[in-house]
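Here's the letter readout for the chains.
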Amino acid sequence: MLTLCLAGIPQSASASTPSTLDVISTLQVKGRAPKTGYNRDQFGPAWKDVDANGCDTRNDILRRDLKSIVYKGVGEDCVILSGVLTDPYSGETINFLRGFVTSSAIQIDHVVALSNAWQTGAFKLNLAQRTAFANDPSNLLAVKGKLNSQKGDGDAATWLPPRKSYRCEYVTKQVMVKAKYGLWLTAPEKAAILKILKTCP
């Protein structure tokens, strides 16, 4: 079951672990709230070191998702100079090279975009909760920069990864993140997610 795998739980470990369909049925369905009051600062400092490991969240996710990593120097494993990403959204292999122009080839995507979160309930959260949301590894992926820009703040009704084999995992992540932070779905978003889930193992 995909939900169990994403949670790191063997299928045999818990027959009571809810499926994505179980979770989606618990989420409220409403229209998007106004974007009034939204800005990036509402989600705390960008890439805050919330786990206090000495590295900002962006570098934590790069370290998790890249392979063949080269660090800045001995004892400087927070700063990644280069690495290789197998992009989950396209399936492409992309080389990462740190630099003013080159770093943008790989970006960190909020699977549930910050603006989307704001308009589906995050405006009700306090700053600490929104900061946790913005830096939650379960909502973050290193991806091809152009696809991240293309996605913008779209939900499943307006944007899906071009790599169809990743769509089940993608919408499952969105459902789980929205459930975790008490966010709602729009009706078109829920319909799009359910359509994808019908194709999942």
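Residues numbered from 1 in each chain as written. Predicted model: local features only at pLDDT ≥ 70, side-chain atom pairs only at ≥ 80, totals over all residues. Heavy atoms only, no water.

A.B. asks: How would you summarise the environment of A46 if you had to cite specific residues and measurements?
C.D. replies: With respect to the helices and strands, A46 occurs in the loop between α2 (20-24) and α3 (57-65). A46 sits 85 residues away from T131 along the chain, and the two C-alpha atoms are 8.7 Å apart. (Helix = DSSP H or I, 4+ residues; strand = E, 2+ residues; numbered from the N terminus.)

A.B. asks: Outline the packing of aromatic side chains, listing residues and values.
C.D. replies: Summed over all chains, the structure comprises eleven aromatic pairs. Between Y89 and Y166, the ring centres sit 6.1 Å apart and the planes meet at 55°, which makes this aromatic pair tilted. Of this pair, Y89 sits in the loop between β2 (80-86) and β3 (93-97) while Y166 sits in the loop between α6 (145-151) and α7 (167-180), placing them 77 residues apart in sequence. Of the residues examined, Y89 reaches a relative accessible area of 0% and is grouped as buried. Feature note: the residues Y38, F43, W118, F123, F133, Y181 and W184 constitute an aromatic cluster, connected by ring pairs. In this arrangement the basic side chain of K30 is found over the ring face of W184, its NZ or CZ atom lying 4.4 Å from the centre. (Phe/Tyr/Trp six-rings, centres within 6.5 Å; stacked < 30°, edge-to-face > 60°. Buried < 20%, exposed > 50% of the residue type's maximum accessible area, 1.4 Å probe, protein only. Lys NZ or Arg CZ within 6 Å of the ring centre and 35° of its normal.)

A.B. asks: Tell me what's going on with the nonpolar core, and back it up with residues and numbers.
C.D. replies: Y89, L141, Y170, V171, V175 and I193 are the most contacted members of the largest nonpolar core, which has 21 residues in total. Those elements that provide at least two residues to this core are α2, β5 (140-144), α7 and α8 (187-197). Residues within four places of I193 in sequence aside, it is in contact with I24, A156, V171, Q174, V175 and L185. Within the second largest apolar cluster, twelve residues are counted, among which are L114, A134, Y181 and L183. (Core = buried A, V, L, I, M, F, W, Y, C linked by side-chain atoms within 4.5 Å. Contact = heavy atoms within 4.5 Å.)

A.B. asks: Help me get a handle on α7, residues and values and all.
C.D. replies: Relative to the 20 Å expected for 14 residues at 1.5 Å per residue, α7 spans 20 Å between its end C-alpha atoms, a close match to the ideal helical length. Of all 14 residues in α7, ten are buried; the element is thus mostly enclosed. Along α7, the positions that sit buried rather than exposed are R167, C168, Y170, V171, T172, K173, Q174, V175, V177 and K178. (Expected span 1.5 Å × (residues − 1).)

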